[in-house]
Amino acid sequence: MALAPRLAAGSIFARDFKIVDLLAEGGMGAVYRVEQLSTRKPRALKLVTTRLASDPKGRQRFVREATVGASIDSEHVVEVIGAGIDEGSGRPWLAMELLDGADLGAVQLHQGALQPGQLREVIGQLCHGLAAAHRAGVVHRDLKPANVFVARSRRAGVPFTIKILDFGIAKVVQESGSRQETDTVGSPLWMAPEQLNAEQPRPATDVWALGLLGFWALTGKHYWRSAHATSSTVQALFVEQLFKPIEPPSVRMEEWDDESVLPEGFDAWFLRCLDRDPQRRYVDAEAASEALMALLPVDDQAASTLLPRETLPPSVGRSSPSAAAEATTSETTVRTDPTGWNASAFVPAEAIAAARSEHEGEATRADGGVLGADLSRGPVPGMHQPGPPRTGASPLVIAGVVALAVAAVGVGVWLNRSEPAEVARPQPPPKIQLPPDVEIPAASKEAETGEANAGSESAESGTPPKVAVVPEDLALARVVPLRTQLNRKAHAIEFLGWSAAGHRFALRAEYRDPRSEQPNELTLVQVHDALTGTMIESFLWDRTTGASSRRFSKLGKAAAEAKPRTVWKERREELGIAKQAPRRTSPAGGSLRIAPVPSPEGSALTMPSSRRGVAFHWAGFEAATEAADLRMPVLNLEYEQGEQVWPLAELAAPWSASEVLARPRAEGEAPAVTGRVLAHWSPQGRRAVLLFETDARPDGDTPLTRRTWTLRTAGPQVRILEAGAGQRRAREAALALEAAGLPVTEISLREPEAAVSELRVARGHARARRVAETAASTLPQLPAAKTQRIRGGYEVVIVLGQDAAQ
């Protein structure tokens, strides 16, 4: 039977509801945003499937059971405005409050696993509503993240308000539409054994789902192995739920090599929630909540940051018009992919029987069908497939009601994971040789094929060596920078790796806004283009904001632009990002060093060697006669290969000796300034991401730290400014220079336009002029070089103006 026709925007339904737009649609019904004419208030209107509408007893039962939430004495149950049967169409409807916020599935998809203090607040409110329902003799039957809504609180001092959705819906649908008494309704990932056995649900049924929800919230993972398998079947899931041992959560975490730390005592709490005998579980949600509250810390600050200010797309989507036209009633649908097992669905009795047969070792069904078929290849026998989901996100207020759709349409469909296509790199022309005294270091043949990168560097990181593929075209693959580009200085920076071809690299950076009175912190995983250094993708790792933090601060904008952290792993695999240990020596054979410099008077400056980079230690200045004027000397970081030495960057701590001496310290504790530069070389050894870390000791209450990163090349530093020529022309120029032995350090894409191109050479660098000569011979359109002071440690800067666009 086809889905019921959609209601047109502007039409009037049940005499009192003006349709605004469709919010969500699934096999069991549709949810609309409406205006209630009698009150002029926005509402969420839910219409159930036409199959239920065709059952007269079922319609009356729906009106009775769907309003059961209104009788539950708790503010944590969604408010039901009314229910009835539309006279014109005969369709049952349910009107509810329109919520502002996001369902718990969307929150977790956005920010990752919940902190224990956040879970404590969520479970506390959730179980207040469940306990009230259990006291009233009501069992939810379909508890899952999509039915737990995190609404913005209307009361001061309350971080959010949990609202439980869809009380009574599963019950009335099952009783009205089941083909057999042994059929059941629920979400396969969250169903208790008694539901699968078609037994009478009880409060302990919700406790089973509560235990699974607690594990999912703390770890970001489903407990069942079938949900993580590349190829799995719903029968395999049912076998796990009904027959296989229920292992402690900590055992599962070890199995998955997950280093997340679960609260002490969580294993015992979880195992009692998931006892297959309902009589041995916690008797109801109140008892389960009291036991869990004793294990979780009170953390008001963490709880206040659970619901971000940014708009969150819902964890369930919306069906497209074409899908709705093609789909038939999907009350018997169980999605073919494991993530779709979150969806509420009719589970036919034969699916449960198949699971029992599989467990008992039978290879085939009575009808000859093979058990355990790959779900990606077709539906579970006896179940119909849904239409394809619609991609797209909904506004913030929409998120409040999309979760009310009983059948999920899938998660993550709103994500834009596309990336500009890479162009196959042509064979580079022969290198132009410079005079002997200005030989440009280049990666060795072994490094270009990836062999050099498969040696000690991989051994240091403890990961298997990776052989790089033929480099992709860095010059012609146009990138689109993110609108919000954050400063390269951060509170903490971790290098996550280069792509196999060296065309991308990834960092994890933590930012804090010191100007904000309220906490305003952001941790991002950032993917950068190796040729421009610009951030082209970001993934929200963590976000902490105070109640009065500026919503549109730069960190807030960067957080809103980021993708959820849950999709980072997949993206990392797509890019081939491989983490390797930093090394002072490049794959090309050159190495980093700090140029010798005299120690400032009264202090001692040492530069201990390190195979991971370079380091310095400045101490002994407490005895200096003029400590107030004593500042950390500027250190020159250099790249040395053979007889060639190239300047890379200038290093200096931003504090004077007096600032360090003024910090409180224990008796006998000597103050010092320490720093290091870690070099993460690209697979071909042409570029390196340098992490500069400086600390003042002792730390004190407010540590003096400096963290920044920069992009450098193994040799002279050449920068291109795209000033009107266009990104493709700039990349073509970079490719030509790299073929000539001058790998470009960076292309700047944020420069004012210039009519005429320029070639700038750093003043006082004789070898820089030779480099400029090579650049000029490679790019004939460049005019004569201009000598000037260049900041940033670059020997040559090439400005590609509008004339270069021709």
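Quick notes on the rules
Residues numbered from 1 in each chain as written. Predicted model: local features only at pLDDT ≥ 70, side-chain atom pairs only at ≥ 80, totals over all residues. Heavy atoms only, no water. Pairing = 2+ DSSP bridges. Helix = DSSP H or I, 4+ residues; strand = E, 2+ residues; numbered from the N terminus. Contact = heavy atoms within 4.5 Å. Axes fitted to C-alpha atoms, helices over the stretch in contact; angles between N-to-C directions. Buried < 20%, exposed > 50% of the residue type's maximum accessible area, 1.4 Å probe, protein only. Arc of directions from axis to C-beta. Core = buried A, V, L, I, M, F, W, Y, C linked by side-chain atoms within 4.5 Å.

*Asks:* Can you explain the sheet that holds strand E17 (residues 520–529)? Please cite residues and give values.
*Replies:* Strand order in the open sheet formed by 5 strands is E15-E16-E17-E18-E19, with mixed pairing between adjacent strands. Edge positions in the open sheet fall to strand E15 (492–498) and strand E19 (563–564), since each of these has one partner strand only. Strands in contact with helix H19 (residues 568–575) are E15, strand E16 (504–512), E17, strand E18 (535–545) and E19; relative to E18, the strand with the most contacts, it is inclined by about 155 degrees.

*Asks:* Residue-level account of H19, with values.
*Replies:* Residues of H19 that are buried: Trp 568, Arg 571 and Leu 575. The buried residues of H19 occupy an angular sector of 65 degrees when the element is viewed end-on, so they sit on one face. In H19, the exposed positions angled more than 90 degrees off the buried face are occupied by Lys 569 and Glu 573. The elements touched by buried residues of H19 are E15, E16, E17, E18 and E19.

*Asks:* Describe the nonpolar core, listing the residues and the values that go with them.
*Replies:* With 57 residues, the main nonpolar core has Ile 123, Leu 126, Trp 224 and Phe 270 as its most contacted residues. Elements with a contribution of two residues or more to this core: helix H3 (104–111), helix H4 (116–135), strand E8 (148–151), strand E9 (161–164), helix H7 (203–219), helix H10 (266–273) and helix H11 (285–293). Once residues within four sequence positions are removed from consideration, Ile 123 is found in contact with Leu 210, Leu 213, Ser 289, Leu 292 and Met 293. Counting residues in each nonpolar core, the second largest holds 53 residues, with Phe 621, Leu 635, Val 718 and Ala 733 among its members.

*Asks:* Lay out the environment of Ser 226 with the relevant residues and their values.
*Replies:* By the element assignment, Ser 226 lies in the loop between H7 and helix H8 (234–242). Sequence separation between Ser 226 and Ala 236 is 10 residues, and the spatial gap between their C-alpha atoms is 6.6 Å.

*Asks:* I'd love a proper account of the sheet that holds strand E24 (residues 635–641), names of residues and values included.
*Replies:* Pairing within the open sheet is antiparallel, and its 3 strands lie in the order E20-E24-E25. Of all the strands in the sheet, the pair left with one neighbour each is strand E20 (591–594) and strand E25 (644–651). Taken over all neighbouring pairs, the strand axes of this sheet differ in orientation by 30 degrees on average, direction set aside. Sheet topology note: the E24/E25 ladder contains 7 bridges and is antiparallel. Paired with Leu 637 across the strands is Ala 649, a residue of E25.

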